[in-house]
Amino acid sequence: MAMIDLRSDTVTQPSTEMRRAMAEAEVADDVLGTDPTADRLQQAVADLLGKEAALLVPSGTMANQIAVKLHCQPGDELVCEAGCHIYNYEQGGFAQLSGVAARPLEGRYGVLRAEQFHDTIRPDNEHFVRTRLVAIENTHNRGGGTIQPLEQVDAICQWAHQHGLATHLDGARLPHATAATGIELHRWCQGFDTVSICFSKGLGAPIGSALAGTRQAIARARRIRKLLGGGMRQVGIIAAAALHALQHHRQRLVEDHQHAQMLAQTIADIDTLELDPPPQTNIVVFRVSPELGTAAQFVQRLAAEQVACLAFGPQHVRMVTHLDVDRAAIERARQAIQRAATRRT
Ligand SMILES: Cc1ncc(COP(=O)(O)O)c(C=O)c1O
């Protein structure tokens, strides 16, 4: 019986059609000039996100770090949510690569309210770093795939711009926010100077992210990409997969959300497991009661049932639905959860 892999939505295999699109891609050396397929992708991303231009980069981490470098100088500070990817999972790249400090604000499941920002601007005084950038993550990974409320996003961006701060959206899973709410991608991006989006998460491409913004910002971002070693040659191979993903894998994200709800129903019915929080998109995080052991032990019991997932803290488990997990696999995973929860330590 094949393992049902719910560790992340990054584990997807490129489909036959995607591989064909990659094999047939028209390519050129993108460092020496332009690659026609990368250009098509970058234009498509810019159009979808409502920005003037976009740049293909190898990873979401690089897209975020380019954005930090683009907006900040050494001695500047970025304000972000305490559980966000930029703050926790990029090796403090803002500090290592850009000499930037970070000021984390505590959100509820990663969701921030505009008023939390209101006293974050440092006084203009030689003792302090210069507050320069606001970064928001939507959907919020560590928060459990939570969606930032649009009115709060708008209010945060408006406040930031009123105070001369730049705004960056880590939209690694922004297509999920659109699939769940019907709010178009460009609307979510409206208040942001730059936006990063990933093709290698729920969209199912093997590699790649993009950073979008003004033409001028993206021209500078292209220089920073080269500095960081992200200039790539016949990159149309990767761009073709991303284009295929944008065309064919966005609408279907609602299926992943339905699958997350099915897992959530099973978890909600078991009194020793607790959804934390109830899922809004494709990420399901739940707390395992100590009477069932630790999260790591629960994950091990699920692995024995051919279901792979991750311990997300001492008592928390994360499952992520994606396009390589179909309805039948979800039904099997639900049964596995029930069995794993009946065995006590
Ligand atoms: C919200 C968020 N931003 C950025 C990234 C980084 O993406 P990558 O793994 O492509 O560097 C991730 C990866 O999981 C993520 O969840």
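Residues numbered from 1 in each chain as written. Predicted model: local features only at pLDDT ≥ 70, side-chain atom pairs only at ≥ 80, totals over all residues.

A. Expanded view of the site of the ligand. As a matter of local geometry, the ligand sits amid Ser-59, Gly-60, Thr-61, Asn-64, His-85, Glu-137, Asn-141, Asp-170, Ala-172, Cys-198, Ser-200 and Ser-209. Per-element tally for the shell around the ligand: the top contributor is helix H3 (residues 60-71), with three residues. The residue inventory of the shell around the ligand, partitioned by class, reads two nonpolar, eight polar and two charged. (Near = placed C-beta within 6 Å. Helix = DSSP H or I, 4+ residues; strand = E, 2+ residues; numbered from the N terminus. Nonpolar A, V, L, I, M, F, W, Y, C, P; charged D, E, K, R; others polar.)

B. Looking closely at the environment of Arg-332. As for its placement among the helices and strands, Arg-332 is situated in helix H13 (residues 327-342). A C-alpha to C-alpha distance of 36 Å links Arg-332 and Tyr-87, two positions 245 residues apart in sequence.

C. Region of the structure containing the domain arrangement of the protein chain. Taken domain by domain, the protein chain comprises domain 1 (16-247) and domain 2 (252-342). A separation of 29 Å is found between the C-alpha centroids of domain 1 and domain 2. Between domain 1 and domain 2, the residue contacts involve 14 residues of the former and 13 residues of the latter. Taken together, the residues of the side of domain 1 that touches domain 2 sort by class into five nonpolar, eight polar and one charged. (Domains from an automatic or database assignment. Contact = placed C-beta atoms within 7 Å.)

D. Molecular detail of the nonpolar core. Judged by nonpolar contacts, the single largest core of 80 residues is most densely connected at Leu-49, Ala-54, Leu-78, Ala-210, Leu-211 and Ala-239. Take this core: its biggest share by element is eight residues, from helix H10 (residues 236-248). Ranked by size, the runner-up nonpolar core spans 28 residues in total, among them Leu-6, Ala-260, Leu-263 and Ile-337. (Core = buried A, V, L, I, M, F, W, Y, C linked by C-beta atoms within 7 Å. Buried ≥ 20, exposed ≤ 12 C-beta atoms within 10 Å, placed from the backbone.)

E. Quick peek at the packing of helix H1 (residues 16-23) against H10. Running from amino to carboxyl end, H1 crosses H10 at an angle of 140°, the nearest separation of the two axes being 8 Å. By the angle between their directions, the pair H1 and H10 is classed as oblique. As H1 runs across H10, the sense of the crossing is right-handed. Two secondary-structure elements touch here, H1 through Glu-17, Met-18, Ala-21 and Met-22 and H10 through Ile-237, Ala-240, Ala-241 and His-244. Tallied by class, the residues present in the contact of H1 with H10 amount to six nonpolar, one polar and one charged. (Axes fitted to C-alpha atoms, helices over the stretch in contact; angles between N-to-C directions. Parallel < 35°, antiparallel > 145°, perpendicular 65-115°, else oblique. Left-handed = near helix turned anticlockwise from the far one by under 90°.)

F. Fine view of the sheet that holds strand E12 (residues 310-311). Pairing within the open sheet is antiparallel, and its four strands lie in the order E9-E10-E13-E12. The sheet is open, and its two edges are formed by strand E9 (273-275) and E12, each paired on a single side. Of the pairings in the sheet, the one linking strand E10 (residues 283-288) to strand E13 (residues 316-320) comprises five bridges and is antiparallel in character. Bridge assignment links Val-284 to a residue of E13, and that residue is Met-319. (Pairing = 2+ DSSP bridges.)

G. Representation of the pairing of strand E3 (residues 76-81) within the structure. Of all the six residues making up E3, six are buried; the element is thus mostly covered by neighbouring parts of the structure. Burial along E3 is two-sided: the residues Asp-76, Leu-78 and Cys-80 and Glu-77, Val-79 and Glu-81 are all buried. Pairing between E3 and strand E5 (residues 130-137): four bridges, direction parallel. Directly across from Leu-78, in E5, lies its bridge partner Leu-133.

H. Up close: the environment of Gln-261. Position of Gln-261 relative to the elements: it lies in helix H11 (residues 253-268). For Gln-261, a count of 16 C-beta atoms within 10 Å puts it in the partly exposed group. Each C-alpha atom, one on Gln-261 and one on Gln-13, is 23 Å from the other, the two residues being 248 residues apart in sequence.

I. Quick peek at helix H7 (residues 174-181). Among the eight residues of H7, seven are classified as buried, and the element is accordingly described as predominantly covered. Those residues of H7 that sit buried are Leu-174, Pro-175, His-176, Ala-177, Thr-178, Ala-179 and Ala-180. Where the residues of H7 are buried, they touch strand E6 (166-171), helix H8 (185-189), strand E7 (194-198) and H11.

J. Examining the sheet that holds strand E8 (residues 209-213) more closely. In space, the seven strands of this open sheet follow the order E2-E8-E7-E6-E5-E3-E4, with mixed pairing throughout. Taken across any chain shown, the strands that pair with only one partner, and hence form the sheet edges, are strand E2 (53-57) and strand E4 (101-105). On average, each strand axis in the sheet is inclined to that of its neighbour by 20°, with strand direction left out of account. Here five bridges tie E5 to E6, and the two strands are oriented parallel to one another. Bridge pairing in E6 links Val-134 to Thr-167. Packed on one face of the sheet, H3 meets E2, E3, E5, E6, E7 and E8 and runs near 170° to E7.

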